[in-house]
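So you can see what is in the structure, the chains are spelled out below.
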Amino acid sequence: MYVAVKGGEKAIDSAHRLMAEDRRGDRNVPELSLAQVSEQLGLAVERVMTEGSIHDRELAALAIKQAQGDLVEAVFLLRAYRTTLPRFGHTLPVDTAAMAIRRRISATFKDLPGGQVLGPTYDYTHRLLDFSLAEDGEPEEAPPAERPVDAAMPRVTDVLGREGLIERNPESDDEPRDLTRQPLTFPADRTLRLQNLARADEGFLLSLAYSTQRGYGHTHPFAGEIRMGEVSVELVPEELGFAIEIADVTLTECQMINQFKGSKEKPAQFTRGYGLAFGRSERKAMAMALVDRSLRAEELGEDLTSPAQDQEFVMSHSDNVEASGFVQHLKLPHYVDFQSELELVRRLRAQGPGKEAAE
Amino acid sequence: MSSDDNNARRRWMGILAKARPEEVAECWSKIEPPPPYDLLRRPETGLVMVRGRVGGDGAPFNLGEMTVTRCSVRLANGIVGHAWIAGRAAAQAERAALIDALLQSPGGRADIEALLDQLAARRETRKREAARKAAATRVDFFTMARGED
């Protein structure tokens, strides 16, 4: 066994060098810069920041370059880097109502204070390949309106909330549990679930969200509001004792509004699902909001019948670093394990068919 | 320190944190002469957990971490300056901490304040431009529905 490991060292080193060469590709093609990745593959960068759970564009761009564009691998790289940094504390909760809006739409209200702002979106494009991008050339500058969008726009759910037609969000100033500091245990409260969903694999969440729409735990959702723009991040350094701003970050927020017929305790009203993600991550934020709501099934007295309602199932399988690690560890040598299995099968066969079933 | 002082300090620390690193470098290059100082805490990069609220206004939850660099300096006259800036730009954090110390000097530093006002104005212009471009994508259902005139 040890001989095999020793023999592997040289092979592993060569494999890494071959991979580096492979990653570089044709050396006649100019190498990608991190600024190019960050500026021109921005949605990939933002997905990696969201699922890698570290907001740092440059690190995410580096991870994407290093992983040759394999975003799950890039997320893994970012998570591994995370363990090398000390934790300085936490920020104040961001105030998404004060977001500098670049996009804000509602599927439930046509006329909202501040209006519907489409922003930079792929919606309404025909998804035809644009061959002009294969040529050199700069796009036209986007036209500005005379007046900017309103400085602060009320969240749609706040407007509905004034009439009491929609549930209020649970208020609390308790320290939320943090799954990067404590192992995940069940039942998990909603704040812990949201942390898990925020860093969850987008594909996994998207499929789960889709399953709820197809009837596996239906929640009658409407996209109450989706907003994207810049939010100020503040924290209180111990040495100062007052809050300071440390950055503006782009966030995407989704407020799902869901039907609720009421119960013995509660009158009929709309319930909510919530999604929040770093960057322009609309699909992620929407899927997150749908799954957040479906995971509230027990709290709202709904029948538990579907995977998207099962918090242990969802939260234990949502992380692509864990999932990828466990699936891919099957590639590592299992020679000893397999040897014993092999011997077992040989022994069973030697006993003849049906003998094992009789035992 | 009075709350007015804290507010002024909060403002300039925010401007320095949100400016581009090259803008802070440019600002620093205009500060003459650069004072002698000690590093109380050399620029150090770590993580802070960014929090959101359930539904936007409910209980806080942990959204994800972000990199941040902090630095503390002390001028020869004993005044201490701090900086906390998102990202990993050590030089920016050190310069920002120095500027924070200088601005607390008795009598203030009108020259530095003027430079920071310029940085704030530039940022406001960028924000306004983005907000005007966003406004050009506003859907006007009301006008569409009327179709008169």
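Residues numbered from 1 in each chain as written. Chains lettered and ligands numbered in written order. Predicted model: local features only at pLDDT ≥ 70, side-chain atom pairs only at ≥ 80, totals over all residues. Heavy atoms only, no water.

Per an unreviewed UniProt entry, chain B carries the name Phosphonate C-P lyase system protein PhnG and comes from Telmatospirillum siberiense.

An unreviewed UniProt entry lists chain A under the name Carbon-phosphorus lyase complex subunit PhnI, from Telmatospirillum siberiense.

**Details of the side chain of Glu-167 of chain A**
Residue and element names in this part refer to chain A. Relative to the helices and strands, Glu-167 is located in the loop between α6 (156–161) and α7 (190–198). At a separation of 2.6 Å, a polar atom in the side chain of Glu-167 contacts the side chain of Arg-296. Beyond its immediate chain neighbours, meaning those up to four positions away, Glu-167 contacts Gln-269, Phe-270, Thr-271, Arg-272 and Arg-296. (Helix = DSSP H or I, 4+ residues; strand = E, 2+ residues; numbered from the N terminus. Polar contact = N/O pair within 3.5 Å; in protein donor to acceptor, adjacent residues only side chain to side chain. Contact = heavy atoms within 4.5 Å.)

**Describing the pattern of salt bridges**
Counting across every chain of the model gives 41 salt bridges over all chains. Across the pair Glu-46 of chain A and Arg-280 of chain A runs a salt bridge, and its minimum N-O distance is 2.9 Å. Remark: Arg-280 of chain A occurs in the loop between β7 (271–278) and α9 (282–294) and Glu-46 of chain A occurs in helix α3 (residues 42–52); sequence separation between them is 234 residues. Under the relative-accessibility criterion, Arg-280 of chain A is labelled partly exposed at 31%. Note that Arg-9 of chain B and Asp-100 of chain B form a salt bridge whose closest N and O atoms lie 2.8 Å from each other. A residue pair is termed long-range when its members are at least 10 positions apart, and Arg-9 of chain B in helix α1 (residues 3–18) and Asp-100 of chain B in helix α3 (residues 90–103) qualify at 91 residues. Neither residue differs from the other here; Arg-9 of chain B and Asp-100 of chain B are each classed as buried. Connected through shared salt-bridge partners, Arg-47, Glu-51, Asp-201, Glu-202 and Arg-283 of chain A make up one network. (Salt bridge = Lys/Arg side-chain N within 4 Å of Asp/Glu carboxyl O. Buried < 20%, exposed > 50% of the residue type's maximum accessible area, 1.4 Å probe, protein only.)

**Comments concerning helix α5 (residues 71–82) of chain A**
Residues lying three or four places apart along an α-helix face the same way, a consequence of the helix completing one turn every 3.6 residues. Residue and element names in this part refer to chain A. For α5, which comprises 12 residues, the first-to-last C-alpha distance of 16 Å matches the rise-based estimate of 16 Å (1.5 Å per residue) to within 8%. Considered for burial, the residues of α5 that qualify are Ala-74, Val-75, Leu-78, Arg-79 and Arg-82. The arc that holds every buried residue of α5, seen down its axis, measures 140°, which confines them to one face. At the N-terminal boundary of α5, the capping side chain belongs to Asp-70, with an oxygen 3.2 Å from the backbone nitrogen of Val-72. (Expected span 1.5 Å × (residues − 1). Arc of directions from axis to C-beta.)

**Re the domain arrangement of chain A**
Residues and elements named next belong to chain A. When its domains are assigned, chain A resolves into domain 1 (2–82) and domain 2 (96–120 + 147–318). Taken together, the 14 residues of domain 1 in the interface contact 14 residues of domain 2. Counting the surface lost from both domain 1 and domain 2, the interface buries some 1100 Å², and carbon and sulfur atoms represent 47% of this. When the buried area of domain 1 at its contact with domain 2 is split by residue, Glu-46, Thr-50 and His-55 rank highest and sum to 43% of it. Remark: the boundary between domain 1 and domain 2 carries 3 salt bridges. Across the contact surface, domain 1 and domain 2 share 5 residue pairs in polar contact (both at pLDDT 80 or more). Looking at the side of domain 1 that touches domain 2, the elements that each hand over two or more residues are α3, β1 (54–55) and α5. Examining the composition of the side of domain 1 that touches domain 2, we find that 7 residues originate from one element, α3, more than from any other. Of the residues contributing to the side of domain 1 that touches domain 2, the split by class is 4 nonpolar, 4 polar and 6 charged. (Domains from an automatic or database assignment. Buried area = accessible area lost by both parts, 1.4 Å probe. Nonpolar A, V, L, I, M, F, W, Y, C, P; charged D, E, K, R; others polar.)

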